[in-house]
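Residues per chain are reported as follows:
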Amino acid sequence: DGGITQSPKYLFRKEGQNVTLSCEQNLNHDAMYWYRQDPGQGLRLIYYSQIVNDFQKGDIAEGYSVSREKKESFPLTVTSAQKNPTAFYLCASTTTGRYGYTFGSGTRLTVV
Amino acid sequence: EDKVVQSPLSLVVHEGDTVTLNCSYEVTNFRSLLWYKQEKKAPTFLFMLTSSGIEKKSGRLSSILDKKELFSILNITATQTGDSAIYLCAVEDLWNSGNTPLVFGKGTRLSVIA
């Protein structure tokens, strides 16, 4: 079955460490997105990519980095520059002519 | 400023009640408005609205869009405890070509108690 896989589901990080969240899709979707969700904040856009080897910053890109070397993959790195990284991270994808997203099941990151 | 505003942010009702969730938006080139339900992890799709005045229904849930007044409502009748979730409203703003990111509201957390 086609879908989006995010891993890991839970991640613990020590302060000062970089961590990378994985997002893989086998839907042949062109566009992929990373959102962050905090309690009471809805989904806020971190980065998105509409085609391979190209990506754009969202509203809260500071302290994050991404790459899009393959159509199927859009990993997110949370760097030590992100001051408050504890949150739930959602990856999504879509393609031209399709309304709405397919979401992954999310990664919950906790800084300890 | 927020482009998509949902109200209320939180709501507690008893089983059997009817609830109305609101979503107002402000975008330049509206394409669509979507409602999602989020229980634990990934949001699940409920409705996609593009035209004013046409009600979408799915069981006890229904939604309608008013493009003149720039808002949408999501109704849930005869609520059940399984309706407890965060309901997210999102709008697609076609400010450029391609797959423009959805803009989400903060969500309404609905709690249905027995």
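Numbering of residues starts from 1 in every chain and runs along the sequence as written. As a convention, the first chain written is A and the first ligand written is 1, with the rest following in written order. In keeping with the predicted nature of the model, local features appear solely for residues at pLDDT of at least 70, side-chain atom pairs appear and are counted solely at 80 or more, and the whole-chain, interface and lining totals rest on all residues. The side-chain values count all of the structure's non-hydrogen atoms but skip hydrogen atoms and water molecules.

A. View of unusual backbone geometry. The amide bond that connects S7 of chain A to the next residue, P8 of chain A, takes the cis arrangement and shows omega of -10°. Considering the arrangement of structural elements, one finds P8 of chain A in the loop between β1 (4-7) and β2 (10-13). In this structure, the amide linkage connecting S7 of chain B to the following residue, P8 of chain B, adopts the cis form with an omega of -10°. In this structure, P8 of chain B sits in the loop between β1 (4-7) and β2 (10-14). The phi dihedral of L70 of chain B falls on the positive side, at around 60°, and the residue is not glycine. Looking at where L70 of chain B falls in the secondary structure, it is placed in the loop between β7 (61-66) and β8 (71-76). Since its relative accessible area comes to 32%, L70 of chain B is described here as partly exposed. Only DSSP runs of H or I covering at least 4 residues are called helices, and only runs of E covering at least 2 are called strands; the numbering of each starts at the N terminus. Using a 1.4 Å probe on the protein chains alone, a residue whose accessible area is under 20% of its type maximum counts as buried, one over 50% counts as exposed, and one in between counts as partly exposed.

B. Inspection of the sheet that holds β7 of chain B at higher detail. All names here are of chain B. A pair of strands counts as paired when DSSP detects no fewer than two bridges linking them. Judged by pairing direction, the sheet is antiparallel, and its 5 strands sit side by side in the order β1-β3-β8-β7-β6 without closing on themselves. The sheet terminates laterally at β1 and β6 (56-58), the two strands that pair on one side only. For this sheet, the mean inter-axis angle between neighbouring strands, taken without regard to orientation, is 15°. Bridge count for β1 against strand β3 (residues 19-25) is 4 bridges, and the pairing is antiparallel. Along β3, the bridge assignment pairs S7 with N22. Geometry is summarised by axes, namely lines fitted to C-alpha atoms with helices restricted to the contacting stretch, and by angles between N-to-C directions that run from 0 to 180 degrees.

C. Main features of the pairing of strand β4 (residues 31-37) of chain A. Residue and element names in this part refer to chain A. Across the 7 residues that make up β4, a large majority, 7, are buried. Along β4, one buried face is formed by A31, Y33, Y35 and Q37 and the opposite face, lined by M32, W34 and R36, is buried too. By the bridge criterion, 7 bridges tie β4 to strand β9 (residues 87-94) in an arrangement that is antiparallel. The partner of Y35 across the bridge, within β9, is L90. Relative to strand β5 (residues 43-51), β4 runs antiparallel, the two sharing 6 bridges. Bridging from a neighbouring strand, Y35 pairs with L45 of β5.

D. Main features of the sheet that holds strand β8 (residues 76-78) of chain A. Residue and element names in this part refer to chain A. Pairing in this open sheet of 4 strands is antiparallel, and the strands run β1-β3-β8-β7 from one edge to the other. Each edge of the open sheet carries a strand with a single partner, namely β1 and β7 (64-66). Taking each pair of neighbouring strands and ignoring which way they run, the sheet shows an average axis angle of 20°. Note that β1 and strand β3 (residues 19-25) share 4 bridges and pair antiparallel. Counterpart to T5 in the pairing with β3 is E24.

E. Structural detail: the packing of aromatic side chains. Residues and elements named next belong to chain A. Aromatic contacts are taken between Phe, Tyr and Trp rings whose centres are within 6.5 Å, Trp giving its six-membered ring; a plane angle under 30 degrees counts as stacked, one over 60 as edge-to-face, and the others as tilted. The final tally for this structure, using the stated rule, is 13 aromatic pairs over all chains. Between the aromatic rings of Y33 and Y48, the centroid separation amounts to 6.1 Å while the plane-to-plane angle is 20°, which identifies the pairing as stacked. Taken together, the residues Y33 in strand β4 and Y48 in strand β5 connect sequence positions 15 residues apart. For Y33, a relative accessible area of 0% puts it in the buried group.

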